[in-house]
Amino acid sequence: MTVFFIGAGPGDPELITVKGQRLVRTCPVILYAGSLVPPAVLEGHRAVKVVDTAPLTLDEIVALLEDAHAQGHDVARVHSGDPSLYGAIGEQIRRLRELGIPYEVVPGVTATAACAAALGSELTLPGISQTLILTRYATKTSMPEGEALGDLARHRATMAIHLGVRHIARIAEELRPHYGDDCPVAVIYRASWPDEERVTGTLADIVEKVQATDIERTALILVGRVLSAEGFAESTLYGVSKR
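Note that the structure is a prediction, hence the values are computed from the model and not measured.

What should I look at first to understand a nonpolar patch on the surface in this one?
On the surface, a nonpolar cluster with roughly 420 Å² of combined accessible area is contributed by Leu85, Tyr86, Leu132, Leu134 and Leu163. Note that Leu85 resides in the loop between strand 4 (75-79) and helix 3 (90-99).

Help me understand unusual backbone geometry in this model?
Both trends apply: most residues other than glycine have a negative phi, and most peptide bonds are in trans. Non-glycine residue Leu163 carries a positive phi angle of around 55°. Considering the arrangement of structural elements, one finds Leu163 in the loop between strand 7 (158-162) and helix 6 (168-179).

Can you walk me through the sheet that holds strand 1 (residues 3-7) in this structure?
Sheet strands pair via backbone hydrogen bonds, and the direction of the pair is either parallel or antiparallel. Judged by pairing direction, the sheet is parallel, and its five strands sit side by side in the order 3-2-4-1-5 without closing on themselves. The open sheet has two edge strands, strand 3 (49-52) and strand 5 (103-106), and neither has a second partner. Looking at each pair of strands side by side, their axes are set apart by 15° on average, direction ignored. Of the strand pairs in this sheet, strand 1 and strand 5 are connected by four bridges, and their pairing is parallel. Opposite Ile6, over in strand 5, you have Val106 as the bridge partner. Against the sheet, helix 2 (residues 58-71) makes contact with strand 1, strand 2 (29-32), strand 3 and strand 4, and its axis sits at roughly 165° relative to strand 2, the strand it touches most.

Thresholds applied
- Counting starts from 1 at the beginning of each chain's written sequence and moves along it residue by residue.
- In keeping with the predicted nature of the model, local features appear solely for residues at pLDDT of at least 70, side-chain atom pairs appear and are counted solely at 80 or more, and the whole-chain, interface and lining totals rest on all residues.
- Excluding hydrogens and water, the side-chain figures rest on all heavy atoms present in the structure.
- Exposure above 30% relative accessible area and the absence of a salt bridge qualify a residue for a patch, where like charges join within 9 Å and nonpolar side chains (Val, Leu, Ile, Met, Phe, Trp, Tyr) within 5 Å.
- Throughout, the Shrake-Rupley method with a 1.4 Å probe supplies accessible areas, and for residues the shown protein chains are the sole cover considered.
- Put simply, a salt bridge is a Lys or Arg side-chain nitrogen that is within 4 Å of an Asp or Glu carboxyl oxygen.
- To qualify as a helix, a DSSP run of H or I must reach at least 4 residues; to qualify as a strand, a run of E must reach at least 2; elements of each kind are numbered from the N terminus.
- The rule for pairing is simple: two strands pair if DSSP sees at least two bridges between them.
- Axis geometry follows a simple rule: fit a line to the C-alpha atoms, using only the stretch in contact for helices, then measure angles between N-to-C directions, giving values from 0 to 180 degrees.
- Only heavy atoms enter the contact rule, under which two residues are in contact if any of them lie within 4.5 Å.

Following this line, the structure appears as structure tokens:
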């Protein structure tokens, strides 16, 4: 048997990959993160066991994986977005390695990609930003040395900040010295879900705009000049005829 860590995408059930959907529909056991993965992602499954792991501990989840292994049942372990980014699969994989249980990671569409699509934006533009930093805001778990928000902001690259909307005021304060008050910002709540909500502004006014909404979680913050750039150079991709 194999445990398949599947990225179900940001919310829209049509954004799961073809491989991910096939595994969800064919694996006899499904363990899914019910707080973040919509039930529609599981439509068409023929599993004999389906468990919402949102209320379970790591030990309880691993026990379910061990049980499936003992019965020779493949497991669709369904996570939101891409499981390699803030998916908390590292500790599960460590346990599986210790137990000798095979696993495979199936990539998914990231929340960052879904937010860029919602805004109709490209996150890397010639002469504006060729780097994308994906990070989170330090709260319960501290950041490694050199990864504090201010340290990363010195690059002035496009930045996607996870798990930080409740701290938007402190985030804006830390970013403004590096990006400038007029730097564009977008806060996207539940990107690609039916109740998606977008708030756009600058580092000078985004705090007031977000605080005027009910957005407190499940939102991504995008920061960077690419979000409003107009006078950028054209890519060389289309510059030379290939004939």
